[in-house]
Amino acid sequence: MKTTIVWFKTDLRVHDNSVLHAAINSGGHVVPVYCIDDAHFGTTPYGFNKTGAFRARFLLEALADLDASLRRLGSGLVVVRGKPAAEIANIAREYGATSAVTAEEVAPEELATLNEIREKLAKQGCSLSVIANSSLYDTSDLPFAVNAVPDIFTAYRQKTEAQAKVQPVVGVPGHINSPQLPDMFLPTLADLGLSEPTSDARAAINFQGGETAALARLQHYLWGTKSVLTYKETRNGLVGADYSTKFSAWLSMGCLSARYVYSELKKFEQEYGANDSTYWVVFELMWRDYFRLMMMKYGNRFFLKGGIRGKGAAGTKQNKALLQRWIDGQTGQEFVDANMRELKATGFMSNRGRQNVASYLCHDLKLDWRYGAAYFEQQLTDYDVCSNWCNWAYVAGVGNDPRPNRYFNIQKQSEQYDGDRRYRDLWRIATLVPG
Ligand SMILES: Cc1cc2nc3c(=O)[nH]c(=O)nc-3n(C[C@H](O)[C@H](O)[C@H](O)COP(=O)(O)OP(=O)(O)OC[C@H]3O[C@@H](n4cnc5c(N)ncnc54)[C@H](O)[C@@H]3O)c2cc1C
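Keep in mind that this is a model prediction, so the values were computed, not measured.

*Asks:* I'd like a rundown of the site of the ligand, residues and numbers included.
*Replies:* The environment of the ligand is formed by 27 residues, the closest being Tyr 231, Ser 244, Thr 245, Lys 246 and Asn 351. Here an oxygen atom of the ligand and a side-chain polar atom of Thr 245 are 2.6 Å apart. Out of a free accessible area of 820 Å², the ligand has 97% covered by protein chains. Contributions of two or more residues to the shell around the ligand are made by helix 8 (248–252), helix 10 (276–298), helix 13 (351–364) and helix 15 (385–396).

What follows is the structure, encoded as structure tokens:
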């Protein structure tokens, strides 16, 4: 019988999963595989872990949850660890697969891995198909070719909203026809060279990895508290679980599909009415799509000091002591310090906080922005290569911001968004003393 490998990456879900759907539709056996890439657990050129403990724990939880969902459908998840090209090829050989399917990639490292695997599989008579499985709008539905996507978000958004449609979601499969699969192997955090992350009662939300928790969060934010009805007014908040959706970590690892969020929003609007807030969640998801497109368009340039503009970035200094004070929340600028302490203790920071601490690093401390981006890469549970590096380049003035010299006056920002000092007081001390 024909066998198809489903190579899962940042699409760890069974709902609205076009890759899984394509494999099932191709007939024959399906073997779902995830490779824990050793390269993701090394050190980056900036001296940080590529994956920190918060995201690693989230990943392991997401894999366990995906395995459970797949087993309920008659299948399971084969987890391997090593270099994906070798490991995926081994699994294909072991199960006699003649085809494999996986999600489209857009960033340089991920594309290189994909191409390496494609070549390796081809040599053993296994074809690899690639399917879009992450964005809200399919790239093929956009009114422009990738290299012609406007460099200004508003121009992209207006034309896309007017001329493109979000595709309907793909349902959860009823059954997956798989050969007998062994019990899933999962390494521990210690196996990955990491310690259990800290826990802090002040965390805005408990990010539990996996599709089950993702769908529960979606349910809570829409149908439960209906916080989505006031999102536009509260989204710049700093304290609590519901000032913003907190979908990011689940979206980044693909435990939640952007298209599914959209389809639930449309259902919600039918029942409770559409308003600026329900629209604004879609508006933000379009930013997420936009940065994926920019990464497709400019690739490696997003990782250079001069970014896509090729000009001198605001901050170029390297000063380890200063960088460490920023990381530890010890700069003396209270609002920056509160945000940096939250990130260190919980793996999360609000969007308002991210803009401020990034601006402070680039424009006040005048440090090389890429060190900030690399620290975020290590620390964020919701790290996404495009959203992170493109947002950082934007704030550093070497990305897609049409306004030259955008600068966040931190004092003014803290008065505007934390006038009652609630946030700064919450994070006044770096670590809570237990008991
Ligand atoms: C310097 C910097 C680095 C960032 N790094 C990341 C990152 O690694 N991963 C990440 O998911 N987001 C990143 N963001 C974007 C944004 O801060 C987070 O998506 C958001 O704070 C997550 O919280 P939320 O899910 O409650 O967002 P909400 O405000 O509820 O937004 C809903 C969703 O829209 C998307 N979104 C919102 N704002 C942005 C944005 N500016 N760019 C791209 N997508 C957006 C996210 O998927 C988010 O979950 C970064 C922003 C900055 C300024």
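*Asks:* Account for the side chain of Ser 75, naming residues and giving values.
*Replies:* Here Ser 75 is to be found in the loop between helix 2 (53–72) and strand 3 (78–82). Apart from the residues lying within four places of it in its own chain, the contact partners of Ser 75 are Val 30, Pro 32, Leu 70, Ile 176, Ser 178 and Leu 181.

*Asks:* So, the packing of aromatic side chains: which residues are in play, and what are the values?
*Replies:* Both the distance between ring centres and the angle between the ring planes are used here to describe each pair of aromatic rings. Inspection of every chain in the model, using the stated rule, returns 31 aromatic pairs. Where Tyr 46 meets Tyr 371, the ring centres are 5.0 Å apart and the plane angle is 85°; that geometry is what we call edge-to-face. Taken together, the residues span a long stretch of sequence, with Tyr 46 in the loop between strand 2 (29–37) and helix 2 and Tyr 371 in helix 14 (residues 369–379) at a distance of 325 residues. The pair Tyr 46 / Tyr 371 is uniform in exposure class, with both members buried. Measuring from centroid to centroid gives 6.0 Å for Trp 326 and Tyr 375, while their planes differ by 70°, and the two rings are edge-to-face. On the criterion of sequence distance, the pair formed by Trp 326 in helix 11 (residues 320–328) and Tyr 375 in helix 14 is long-range, its members being 49 residues apart. The class for Tyr 375 is buried, based on a relative accessible area of 2%. Among the aromatic residues, those joined into a ring-pair cluster are Phe 144, Phe 153, Tyr 156, Tyr 279, Trp 280, Phe 283, Trp 287, Tyr 290, Phe 291 and Tyr 394. Of note, Lys 246 hangs over the ring of Tyr 243, and the distance from its end group to the ring centre comes to 3.4 Å. Cation over ring: Arg 354 sits above Phe 348, and NZ or CZ is 5.3 Å from the ring centre.

*Asks:* Tell me about the pattern of salt bridges, and name the residues and values.
*Replies:* The full count for this structure, using the stated rule, is 24 salt bridges. Of the charged contacts, one joins Glu 105 and Lys 9 as a salt bridge, the two residues approaching to 3.0 Å between their closest N and O atoms. Taken together, the residues Glu 105 in the loop between strand 4 (99–103) and helix 4 (108–123) and Lys 9 in the loop between strand 1 (3–8) and helix 1 (18–25) connect sequence positions 96 residues apart. Using a relative accessible area of 17% as the deciding quantity, one classes Glu 105 as buried. Judged by relative accessible area, which is 10%, Lys 9 ranks as buried. Residues Arg 421 and Asp 425 are paired through a salt bridge, measuring 3.4 Å at the closest nitrogen-oxygen approach. Given the relative accessible area of 28%, Arg 421 is considered partly exposed. If you follow the salt bridges from partner to partner, you end up with Asp 16, Asp 138 and Arg 259 in one network.

*Asks:* Talk me through the domain arrangement of the chain; I want residue IDs and the actual numbers.
*Replies:* As far as domains go, the chain holds domain 1 (3–133), domain 2 (211–299) and domain 3 (304–426). Computed from C-alpha coordinates alone, the two centres of domain 1 and domain 2 are separated by 25 Å. Taken residue by residue, the interface counts 19 residues in domain 1 and 17 residues in domain 2. Here domain 1 meets domain 2 over a buried area of about 1,600 Å², counting both sides, of which 55% is carbon and sulfur. Of all residues in domain 1, the largest losses of buried area upon contact with domain 2 belong to His 15, Phe 58 and Val 106, amounting jointly to 39% of the total for that side.

*Asks:* Can you lay out helix 13 for me, pointing to particular residues and giving the numbers?
*Replies:* The terminal C-alpha atoms of helix 13, which comprises 14 residues, lie 19 Å apart, in line with the 20 Å expected from a rise of 1.5 Å per residue. Taken together, the buried positions of helix 13 are occupied by Arg 352, Gly 353, Arg 354, Asn 356, Val 357, Ala 358, Ser 359, Tyr 360, Leu 361, Cys 362 and His 363. Buried positions along helix 13 lie against helix 11, helix 12 (334–346), helix 14, helix 15 and helix 16 (410–417). A positive backbone phi angle near 60° is found at Lys 366, which sits one or two residues after helix 13.

*Asks:* A description of helix 10 should follow, citing residues and the corresponding values.
*Replies:* Here helix 10 contains 23 residues, and its C-alpha end-to-end distance of 32 Å stays within 8% of the 33 Å for a straight helix at 1.5 Å per residue. Helix 10 sits mainly inside the fold: 18 of its 23 residues count as buried. For helix 10, the capping residue at the N-terminal end is Asn 275, with a side-chain oxygen 2.9 Å from the backbone nitrogen of Ser 277. Directly beyond the C-terminal end of helix 10, a positive phi value near 50° is found at Gly 299.

*Asks:* Describe in detail the packing of helix 12 against helix 13, supporting the description with residues and values.
*Replies:* Where helix 12 meets helix 13, the closest approach of the two axes is 9 Å, and the angle between their N-to-C directions is 115°. Handedness of the crossing formed by helix 12 with helix 13: left-handed. Every residue of helix 13 that contacts helix 12 at Phe 335, Val 336, Asn 339 and Met 340 is listed here: Gly 353, Asn 356, Val 357 and Tyr 360. Residues belonging to the contact of helix 12 with helix 13 are distributed by class as follows: five nonpolar, three polar and no charged.

*Asks:* Lay out the packing of helix 11 against helix 12 in plain terms, naming residues and giving numbers.
*Replies:* The N-to-C vectors of helix 11 and helix 12 enclose an angle of 75°; their axes lie 6 Å apart at closest approach. When the axis of helix 11 is compared with that of helix 12, the two are roughly perpendicular. Facing Trp 326, Ile 327 and Asp 328 of helix 11, the residues of helix 12 in contact are Val 336, Met 340, Arg 341 and Lys 344.

Calculation rules
Residues numbered from 1 in each chain as written. Predicted model: local features only at pLDDT ≥ 70, side-chain atom pairs only at ≥ 80, totals over all residues. Heavy atoms only, no water. Near = heavy atom within 4 Å. Polar contact = N/O pair within 3.5 Å; in protein donor to acceptor, adjacent residues only side chain to side chain. Areas by Shrake-Rupley, 256 points an atom, 1.4 Å probe, with all protein chains shown as cover. Helix = DSSP H or I, 4+ residues; strand = E, 2+ residues; numbered from the N terminus. Contact = heavy atoms within 4.5 Å. Phe/Tyr/Trp six-rings, centres within 6.5 Å; stacked < 30°, edge-to-face > 60°. Buried < 20%, exposed > 50% of the residue type's maximum accessible area, 1.4 Å probe, protein only. Lys NZ or Arg CZ within 6 Å of the ring centre and 35° of its normal. Salt bridge = Lys/Arg side-chain N within 4 Å of Asp/Glu carboxyl O. Domains from an automatic or database assignment. Buried area = accessible area lost by both parts, 1.4 Å probe. Expected span 1.5 Å × (residues − 1). Axes fitted to C-alpha atoms, helices over the stretch in contact; angles between N-to-C directions. Left-handed = near helix turned anticlockwise from the far one by under 90°. Nonpolar A, V, L, I, M, F, W, Y, C, P; charged D, E, K, R; others polar. Parallel < 35°, antiparallel > 145°, perpendicular 65-115°, else oblique.

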